[in-house]
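Analysis of the macromolecular model
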Amino acid sequence: MNRGKLGEFFWESGWHELRALRIPASDLKIDEFLRGPVNPQRGSSLFGLPVELFAAVVAELADEDDGPLQVLCLAVTCKAALSHIRKRILDHHHKFLSYHARHRMICIGEYTQPPPEGMLNADETQQLTAYLEEQSAGSDEDTFLPGFYGFVEEACYDPGARVPRMPSELEVKLWSLPRENPSDPKLLSDASLFEVVKSGYYPEDRPWALCNLTKREYVREDAAREVCRGLPPDVAGHRPSLWHFVLACICWSYDETSIGMPLDEDDARALTRGRWAGDKLAIVLIDRMDEELGKGPAWTDVDVTAEVGGFVELLWKSY
């Protein structure tokens, strides 16, 4: 999307983008709810079906306009349903909640030409070449050509699927039950399960990391927070966040003079040649990095957090 010069939006919160990079640990909480015996539910015609037929019923239900919500509501009715629908819930979370995770991230300007080396595969490079040739055909020297920015906007840009919104009257009703009956542990447990199934599980008592899958580098979120806490607030009382660590690494443009930020030439060049521009990123629990992102060369944080943190501090002080 076109958001103007970099300096006009760089210090926005980026909360939604950051959330979409974070891979929820929903399986941990769902498995916690599933501990203990699961009653066979023989009295129910639905749960008496073979697993394959039950899966077919759920798949048919999911194809409806509000199917994902119906499936989530079915999942919280009992342990048997939750157990059967567990994988679908996790797939739903990856698709609708962490839709930026594991994907290439880049913040580009209109004058970006060419893209970072190695960002595009052979097919994409061929498509870009064809697009540029089509745009330049019949154009005179004074015509502005959209270049890589136009290619991404026209051929590649996907705003990402958003989680279907829960009807407000249903959500209000569900949350009002435990609040009207605060002494009922079952209602509190049901509300907690419903929230995990609907919105994912992000434990706050375990460390997270911003990971670059392409370079196998990472920045610890707790270390990034310490850097941000040490910076003076702006006039509105705001400080940078982990999102600004991301943005400071993914900008890419060959016109560092029009970014709208008061930086000298070297710093502007460092910002517009982001060290992670076009790389695949995700935010995961540190102890699940290999599990979620795949095994490979050893992950490294040697100087990465300090270097990026120092650059964010420089940018903030120039703000």
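Residues numbered from 1 in each chain as written. Predicted model: local features only at pLDDT ≥ 70, side-chain atom pairs only at ≥ 80, totals over all residues. Heavy atoms only, no water.

Comments concerning the pattern of salt bridges
Heads up, the rule is: The term salt bridge refers to a side-chain nitrogen of Lys or Arg lying within 4 Å of a carboxyl oxygen of Asp or Glu. Per the convention used, a helix needs a DSSP run of H or I reaching at least four residues, while a strand needs a run of E reaching at least two, with both numbered from the N terminus. Under the scheme applied here, a residue whose accessible area is under 20% of the maximum for its type counts as buried, over 50% as exposed, and between as partly exposed, the area being computed with a 1.4 Å probe on protein chains only.
As enumerated under the stated definition, the model contains 19 salt bridges in all. Linking D290 and R216 is a salt bridge whose minimum nitrogen-to-oxygen distance equals 3.4 Å. In this pair, D290 sits in helix α14 (residues 289–293) while R216 sits in the loop between β3 (208–212) and β4 (217–220), placing the two residues 74 residues apart along the sequence. Residue D290 is classed as partly exposed on the basis of its relative accessible area of 35%. Linking K317 and E313 is a salt bridge whose minimum nitrogen-to-oxygen distance equals 2.8 Å. Placement of the pair is K317 and E313 together in helix α15 (residues 304–317), with a separation of 4 residues, close to one helical turn. On the accessibility criterion, E313 (29% relative accessible area) is partly exposed. Taken together, the salt bridges that share partners define one network made up of D27, R102, R288, E291 and E292.

Describing the nonpolar core
Here is the rule: The term nonpolar core refers to a set of buried residues drawn from Ala, Val, Leu, Ile, Met, Phe, Trp, Tyr and Cys, joined through side-chain atoms within 4.5 Å. Contacts: residue pairs with any heavy atoms within 4.5 Å of one another.
Residues L6, F10, F245 and L271 are the most contacted members of the largest nonpolar core, which totals 41 residues. Of all elements in the fold, only α1 (6–9), α2 (15–21), β3, α11 (221–229), α12 (242–250), α13 (265–272), β6 (279–285) and α15 reach the threshold of two or more residues within this core. When near neighbours in sequence (up to four residues on either side) are disregarded, F245 contacts L210, V219, A224, V227, C228, T305, V308, G309 and V312. Among the nonpolar cores identified, the runner-up in size contains 21 residues, and A62, V71, C78 and L90 belong to it.

Structural notes on the environment of T257
Mapped onto the fold, T257 is located in the loop between β5 (251–252) and α13. Remark: the alpha-carbon pair of T257 and A268, spanning 11 residues in sequence, is separated by 7.6 Å.

Here we look at the packing of helix α4 (residues 51–62) against helix α6 (residues 79–96)
Worth spelling out the cut-off: Simply put, an axis is a line fit to the C-alpha atoms, just over the touching stretch for a helix, and the angle between two N-to-C directions goes from 0 to 180 degrees. Reported orientations rely on four angle classes, namely roughly parallel under 35 degrees, roughly antiparallel over 145, roughly perpendicular from 65 to 115, and oblique for the rest. Here a crossing is called left-handed whenever its near helix is offset anticlockwise from the far helix by less than a right angle, and right-handed whenever the offset is clockwise. Amino acids are sorted into nonpolar (Ala, Val, Leu, Ile, Met, Phe, Trp, Tyr, Cys and Pro), charged (Asp, Glu, Lys and Arg) and polar (every other residue, Gly among them).
Where α4 meets α6, the axes come as close as 11 Å, and the angle between the chain directions of the two elements is 45°. What the angle tells us is that α4 and α6 run oblique. Note that α4 runs across α6; the crossing there is right-handed. Here V51, F54, V58, A59 and A62 of α4 come into contact with α6, specifically with H84, I85 and R88. Residues that form the contact of α4 with α6 fall into these classes: 6 nonpolar, 1 polar and 1 charged.

Considering empty space enclosed by the protein
Definition in use: Detection works on a 1 Å grid of protein atoms alone, calling trapped sets that fit a 1.4 Å probe cavities and calling open sets with protein on both sides within 12 Å along at least five of seven lines pockets, with lining residues defined by an atom within 4 Å of a point. Grid points are joined across faces, edges and corners, and a volume is the space filled by probe spheres set on the points.
Counted by the stated rule, this structure contains 1 cavity of 30 Å³ or more. Its boundaries defined by the atoms lining it, the largest cavity holds a volume of some 30 Å³. Lining the largest cavity, in full, are I23, P24, A25, V284, L285, R288 and E292.

Remarks on α13
For the record, the criterion: Think of the arc as the fan of directions from the helix axis to the C-beta atoms. N or O atoms closer than or at 3.5 Å make up a polar contact, with two conditions inside protein: a donor-capable atom paired with an acceptor-capable one, and, for residues adjacent in sequence, both atoms drawn from side chains.
For α13, every residue scored as buried is listed here: D267, A268, L271 and T272. Seen from one end, α13 has its buried residues packed into an arc of 130°, which puts them on one side. Exposed side of α13, more than 90 degrees from the buried face: E265 and D266 are the residues found there. Buried residues belonging to α13 abut α1, α12, β5 and α15. Of the residues flanking the start of α13, the one acting as N-cap is D264, its side-chain oxygen 3.2 Å from the backbone nitrogen of D266.

Here we look at the layout of surface pockets
There is about 540 Å³ of room inside the second largest pocket. At the level of elements, α2 and α11 are the ones that each hand at least two residues to the lining of the second largest pocket. When residues of the lining of the second largest pocket are assigned to their parent elements, the largest contribution, 4 residues, is made by α11. Classifying every residue of the lining of the second largest pocket by side-chain character gives 9 nonpolar, 2 polar and 7 charged.

Side note on the packing of aromatic side chains
Note the cut-off: We call Phe, Tyr and Trp rings a pair once their centres come within 6.5 Å, taking the six-membered ring for Trp, and we label the pair stacked below 30 degrees between planes, edge-to-face above 60, and tilted otherwise. Criterion for a charge above a ring: Arg CZ or Lys NZ at most 6 Å from the ring centre, at most 35 degrees from the ring normal.
Tallied over the full model, the rule gives 6 aromatic pairs. The interplanar angle of 80° and the centroid separation of 4.9 Å between the aromatic rings of W11 and W316 together place this pair among those described as edge-to-face. With W11 in the loop between α1 and α2 and W316 in helix α15, the pair connects residues that are 305 residues apart, well separated along the chain. By relative accessible area, W316 is classed as buried at 7%. Taken together, a centroid distance of 6.3 Å and an interplanar angle of 35° make the contact between Y202 and W208 tilted. W208 sits in the buried class, given a relative accessible area of 6%. An aromatic cluster is present here, built from F10, W11 and W316 joined pairwise through their rings. Seen from the ring of Y202, R19 lies directly overhead, with NZ or CZ sitting 3.9 Å from the centre.

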